[in-house]
Number of protein chains: 4
Amino acid sequence: MSGASERPLRADAARNRAKLLDVATQVFTTRGIGVPTEEIAHAAGLGVGTLFRHFPTKEALLEAVVVRRLETITARTAQLAAEAEPAEAFFACFRLVVDQSAGKEEFTRALAAAGVDMHASLQESTTVIRAQLAELLSAAQQAGAVRCEVGLPELIALIVGTGTATEQLTADPAARERIFEVVFDGLRPR
Amino acid sequence: MSGASERPLRADAARNRAKLLDVATQVFTTRGIGVPTEEIAHAAGLGVGTLFRHFPTKEALLEAVVVRRLETITARTAQLAAEAEPAEAFFACFRLVVDQSAGKEEFTRALAAAGVDMHASLQESTTVIRAQLAELLSAAQQAGAVRCEVGLPELIALIVGTGTATEQLTADPAARERIFEVVFDGLRPR
Amino acid sequence: MSGASERPLRADAARNRAKLLDVATQVFTTRGIGVPTEEIAHAAGLGVGTLFRHFPTKEALLEAVVVRRLETITARTAQLAAEAEPAEAFFACFRLVVDQSAGKEEFTRALAAAGVDMHASLQESTTVIRAQLAELLSAAQQAGAVRCEVGLPELIALIVGTGTATEQLTADPAARERIFEVVFDGLRPR
Amino acid sequence: MSGASERPLRADAARNRAKLLDVATQVFTTRGIGVPTEEIAHAAGLGVGTLFRHFPTKEALLEAVVVRRLETITARTAQLAAEAEPAEAFFACFRLVVDQSAGKEEFTRALAAAGVDMHASLQESTTVIRAQLAELLSAAQQAGAVRCEVGLPELIALIVGTGTATEQLTADPAARERIFEVVFDGLRPR
DNA sequence: AATGAATGAGCGTTCATTCAT
DNA sequence: GATGAATGAACGCTCATTCAT
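Conventions adopted
Residues numbered from 1 in each chain as written. Chains lettered and ligands numbered in written order. Predicted model: local features only at pLDDT ≥ 70, side-chain atom pairs only at ≥ 80, totals over all residues. Heavy atoms only, no water. Helix = DSSP H or I, 4+ residues; strand = E, 2+ residues; numbered from the N terminus. Buried < 20%, exposed > 50% of the residue type's maximum accessible area, 1.4 Å probe, protein only. Contact = heavy atoms within 4.5 Å. Areas by Shrake-Rupley, 256 points an atom, 1.4 Å probe, with all protein chains shown as cover. Near = heavy atom within 4 Å. Polar contact = N/O pair within 3.5 Å; in protein donor to acceptor, adjacent residues only side chain to side chain. Nonpolar A, V, L, I, M, F, W, Y, C, P; charged D, E, K, R; others polar. Least-squares fit on C-alpha atoms with pLDDT ≥ 70 in both. Phe/Tyr/Trp six-rings, centres within 6.5 Å; stacked < 30°, edge-to-face > 60°. Lys NZ or Arg CZ within 6 Å of the ring centre and 35° of its normal. Core = buried A, V, L, I, M, F, W, Y, C linked by side-chain atoms within 4.5 Å. Salt bridge = Lys/Arg side-chain N within 4 Å of Asp/Glu carboxyl O. Expected span 1.5 Å × (residues − 1). UniProt positions renumbered as here; feature names shortened; annotations may be inferred. Axes fitted to C-alpha atoms, helices over the stretch in contact; angles between N-to-C directions. Parallel < 35°, antiparallel > 145°, perpendicular 65-115°, else oblique. pLDDT = per-residue confidence, 0-100.

If you check an unreviewed UniProt entry, chain A appears there as TetR/AcrR family transcriptional regulator from Streptomyces actinomycinicus.

Listed below in structure tokens is the structure:
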């Protein structure tokens, strides 16, 4: 599926690429996308040139970070959806996506922007997740676990918003949990 | 209130300052804080030099924008709190703050960062709002309109999160309304 | 005519702009267009930012250099054409254009490319010169001073080529003169 | 001749070297010397490393391209000089050199720079051609086919200039021919 | 007080060259 | 010998900030 079409990289090149993605994920997440590319390269123990060999523009690096995250989410969501019954799966996936997208404005924007001026790879990844979420939502609603009037756009908006909310409370896990309680209760039919 | 200590500006200087704030608010909100200062100055019909006379750094301008917004919120919140009974006042203020902070990451960050490395004027403004919200929350809880286990940090986090969520749905007011329904229902005691 | 539409620059700004053009002309001519912009700015006693304020891209600077040169040529050509009789005017202008374009590949290319992917200002300047040369050529041919089978494209090609030829001989004015003799004799009817 | 001192290359290495030269000639000629080395290597079906094994710097590659071209010219010139009588040989060689150097600023500069900061191999090649041209010129002058006052430097300058001129007219062979007529007529004694 | 020209550190990106594989 | 990943100096350009006018 993902990236299977490119020729296999040499072992060290693959390692460097992965290292760059890891560092970029970390740096973009914690300090925003304004961080100089050179700093990311050096944090990965590499020169700028190497970064640009792997990702032709800074934007491409950003996109790769987001796509990787989206693919992770997709995979775990599929697993959760297969293993649990509708209501449980729905809420577990909600948490999963919130947790995975925490701290990533880039990501949340990607999830939400849904189709507007998005690059192909992002487009594809978000489409898949949106389909998964739509499925989960529908099943949960049929099972009577979620209000019927909530649609996919509202669900996504709530996920993004809950992500933002929980980010405010990273220092207090119990408070963070209370946010989920409020939102989940609000999602259930009265 | 804030800024009462500076000498009164000449009429035209005051007008310029206000114009700059208006333009900056508009521009930062719609296009992000990356917009060049020169562009803001020109959109206000002024030169860059004048902008920097009024606001010694770009950050100071940003701060002034946020502070003005916070002061507006403070005033309206006080009014609402005085006019309505606890439950109604609480939810109305929740909406108010969400609406006023919509689109302003700067603002939400300011509200949430609450005390960490914040400039004095921001500190002051947020402290006031936090106090108001604490008051409203407490009254609403005593009136039985809001779950008891929700504290001020959770409330603020939910406000910020709801702001993010509703921003995703600017094109669909009905969906936007459903977000409030979910969050408000979730806040009420079962 | 040229540049009359822009607002008048402040005296010092105009001086800086002129200085930049002078330096750029000199540097591009002697060392090619590969010279870093920063070097040009510093050679003019200015910072890079100033250069880019006056000329938004390096290419724009190059174009301005060329246009200024073309305008000089146009003016002098008009003067020569008015003052002398056809044959004399033709050969004098030939020399003039060769001398003025000496060392400027940029220029010669501009003159020759005539219309392909050329910026508006260049287009305009070259069009004027081409018209002048066509006029001079036609008059000289009617006066029996120049072979009839030579057209404007050949004339321009010969001007460009003679420029290249004389550049090889900057150290020996007499030899340079012999180039003109050969070309001029070749242009006359046998 | 040139390069006779290196050890003979393995067959494949020799093939690669030739392929690189062919590709570089084509690419430099049509797109200028700014083309990245990596692109040349790949166009030759090789890696950059291989290119740099054969030519230690980009400049060395450029030089090799020019030298090969010069050697071709030398060989053909010798042949022409041997086969035809002075006047005919002179003009035929003039054409030959012009045609062969067309499109190659690099080349013309090499021919003209004659001795200044030129690498040994170029030095050698240009010296040979210069000698050939001097010979042809002298013979043609003695045969009364070329003006006496024209020296070798002027001849070379005219060749270079004629090359530049004809390049302007690649689209119109008849016009191109007229350039030669003008120059050749100009070269003849009156 | 207002202006906008000048500044230069800093950014994203390129490419000749080196060297581990 | 061949490869192409890695390197980093260098470039064109931006923009917050200063200061002469």
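Our next topic: the overall build of chain A. Regarding its fold elements, chain A presents nine helices and zero strands. From first element to last, N terminus to C terminus, chain A shows the α and β order α-α-α-α-α-α-α-α-α. A burial count over chain A gives 45% of its 190 residues as buried. Look at the contacts in chain A between residues 6 or more apart in sequence, and 65% of them connect residues 24 or more apart. Carbon and sulfur atoms make up 53% of the accessible area of chain A, which totals about 9400 Å².

Before going further, it helps to spend a moment on the protein's contact with DNA strand F. The full set close to DNA strand F counts 30 residues, and Asn 16 and Arg 53 of chain A, Lys 58 of chain C together with Thr 50 and Arg 53 of chain D are the nearest of them. Expressed as a percentage, the sugar and phosphate content of the atoms of DNA strand F within 4 Å of the protein is 69%. Within the contact set of DNA strand F, a phosphate oxygen lies 3.2 Å away from a backbone nitrogen or oxygen of Gly 47 of chain D. Residue Thr 50 of chain D places a side-chain N or O atom 2.5 Å away from a phosphate oxygen belonging to DNA strand F. Breaking the surface near DNA strand F down by element, the ones donating at least two residues are α1 (11–31) and α3 (48–54) of chain A, α3 (48–54) of chain B together with α3 (48–54) of chain D. Broken down by element, the surface near DNA strand F gets its largest block of residues, five residues, from α3 of chain A. Across the surface near DNA strand F, the residue classes tally to ten nonpolar, 13 polar and seven charged.

Once that is clear, we can look at the relation of the copies chain B and chain A. Between chain B and chain A, the superposition needs a rotation of 178° and an axial shift of 0.1 Å, giving an RMSD of 0.4 Å. What we have between these two chains is a two-fold relation. Interface residue correspondence from chain B to chain A reaches 100%, placing this contact among same-surface, isologous pairings.

This part is about the packing of aromatic side chains. All told, the structure shown has 20 aromatic pairs over all chains when counted by the stated rule. Between Phe 94 of chain C and Phe 184 of chain C, the aromatic rings sit 5.2 Å apart at their centres with planes inclined by 90°, giving edge-to-face as the arrangement. Here Phe 184 of chain C lies in helix α9 (residues 173–187) and Phe 94 of chain C lies in helix α5 (residues 86–101), a separation of 90 residues in the sequence. An identical accessibility class is assigned to Phe 94 of chain C and Phe 184 of chain C; each is buried. Taken together, Phe 90, Phe 91, Phe 94, Phe 180 and Phe 184 of chain A form an aromatic cluster joined through their ring pairs. A cation over a ring is seen here: Arg 95 of chain D above Phe 180 of chain D, with NZ or CZ 4.4 Å from the ring centre. Over the ring of Phe 91 of chain D we find Arg 188 of chain D; its NZ or CZ atom is 4.8 Å from the centre of that ring.

Glancing now at the nonpolar core. What tends to happen in soluble globular proteins is that the nonpolar side chains get buried as a cluster. Counting 72 residues, the largest nonpolar core has Phe 90, Phe 94, Leu 133 and Leu 187 of chain A together with Phe 90, Phe 94 and Leu 187 of chain B as its most contacted members. Excluding its chain neighbours within four sequence positions, the residues that come into contact with Leu 133 of chain A are Val 97, Leu 152, Leu 155, Ile 156 and Ile 159 of chain A. Counting 70 residues, the second largest nonpolar core, distinct from the first, contains Ile 73, Phe 91, Leu 122 and Ala 175 of chain D.

What follows is about the interface of chain B and chain A. A common measure of how large an interface is: the accessible area buried when the components associate. Between chain B and chain A, the contact holds 26 residues from the first and 26 residues from the second. Between chain B and chain A we count eight salt bridges in total. Across the pair Arg 178 of chain B and Glu 154 of chain A runs a salt bridge, and its minimum N-O distance is 2.1 Å. One can count five residue pairs in polar contact (both at pLDDT 80 or more) joining chain B with chain A.

The terminal C-alpha atoms of helix α5 (residues 86–101) of chain A lie 22 Å apart, and with 16 residues this matches the ideal 22 Å at 1.5 Å per residue to within 8%. Turning to α5 of chain A, its buried residues are Ala 89, Phe 90, Phe 91, Cys 93, Phe 94, Leu 96, Val 97, Val 98, Gln 100 and Ser 101 of chain A.

The subject of this paragraph is helix α7 (residues 120–142) of chain C. All names here are of chain C. Between its first and last C-alpha atoms α7 spans 33 Å; for 23 residues at 1.5 Å apiece the expected length is 33 Å, and the two agree. Listing the buried residues of α7 in full gives Leu 122, Ser 125, Thr 126, Ile 129, Gln 132, Leu 133, Leu 136, Leu 137, Ala 140 and Gln 141. Just downstream of α7, Gly 144 is the residue with a positive phi angle, here 75°.

Let's shift gears to the protein's contact with DNA strand E. Taken together, the neighbourhood of DNA strand E is formed by 32 residues, with Lys 58 of chain A, Thr 50 of chain B together with Asn 16, Thr 50 and Arg 53 of chain C sitting nearest. The share of sugar and phosphate among atoms of DNA strand E within 4 Å of the protein is 67%. Between Gly 49 of chain C and DNA strand E, the recorded distance is 3.4 Å, taken from a backbone N or O atom to a base nitrogen. Contact distances for DNA strand E include 2.8 Å between a phosphate oxygen and a backbone N or O atom of Thr 37 of chain D.

Taken from the UniProt record, the annotation "DNA-binding region" (unreviewed entry) applies to residues 36–55 of chain A. When the span residues 36–55 of chain A is considered, its composition is 70% helix and 0% strand, and the gap between its end C-alpha atoms is 14 Å.

The next subject is the packing of helix α7 (residues 120–142) of chain A against helix α8 (residues 152–167) of chain A. All names here are of chain A. The geometry of α7 relative to α8 is characterised by a closest axis approach of 10 Å and an angle of 105° between their N-to-C directions. If you check the angle between α7 and α8, you find them roughly perpendicular. For the pair formed by α7 and α8, the contact residues are Arg 130, Leu 133, Ala 134 and Leu 137 on the first element and Leu 152, Leu 155, Ile 156 and Ile 159 on the second. Residues that form the contact of α7 with α8 fall into these classes: seven nonpolar, no polar and one charged.

A word on the packing of helix α1 (residues 11–31) of chain C against helix α4 (residues 58–83) of chain C. Residues and elements named next belong to chain C. Interhelical geometry of α1 versus α4 gives an angle of 90° and a closest axis separation of 10 Å. Comparing the axis directions of α1 and α4 gives the class roughly perpendicular. Between α1 and α4, the residues in contact are Ala 18, Leu 21, Asp 22, Ala 24, Thr 25 and Phe 28 and Lys 58, Leu 61, Leu 62, Ala 64, Val 65, Arg 68 and Arg 69, respectively. Each residue belonging to the contact of α1 with α4 can be placed in one class, and the counts come to eight nonpolar, one polar and four charged.

Take the environment of Asp 99 of chain D next. All names here are of chain D. By the element assignment, Asp 99 lies in helix α5 (residues 86–101). Of the residues examined, Asp 99 reaches a relative accessible area of 35% and is grouped as partly exposed. When the C-alpha positions of Asp 99 and Thr 166 are compared, they lie 8.7 Å apart, and in sequence the two are 67 residues distant.

Along the chain, Gln 168 of chain C falls in the loop between α8 (152–167) and α9. When its relative accessible area of 31% is taken as the criterion, Gln 168 of chain C is described as partly exposed.

Any region with low pLDDT has predicted coordinates that should not be read closely. Residue and element names in this part refer to chain A. Averaged over all residues, the pLDDT of chain A equals 88, while 86% of them reach at least 70. When mean pLDDT is taken per element in chain A, helix α9 (residues 173–187) scores highest with 98 and helix α6 (residues 105–113) scores lowest with 54. Taken as a whole, residues 1–5 scores under 50 in pLDDT and shows one contact with residues more than four places along the chain or in a different chain.

Moving on to the pattern of salt bridges. Residues and elements named next belong to chain A. Enumeration according to the criterion identifies 41 salt bridges over all chains in this entry. Its salt-bridge partner being Arg 31, residue Glu 39 comes within 2.6 Å of it at the nearest N-O pair. Overall, Glu 39 belongs to the partly exposed group, its relative accessible area being 35%. The exposure class assigned to Arg 31 is partly exposed, which follows from its relative accessible area of 49%.

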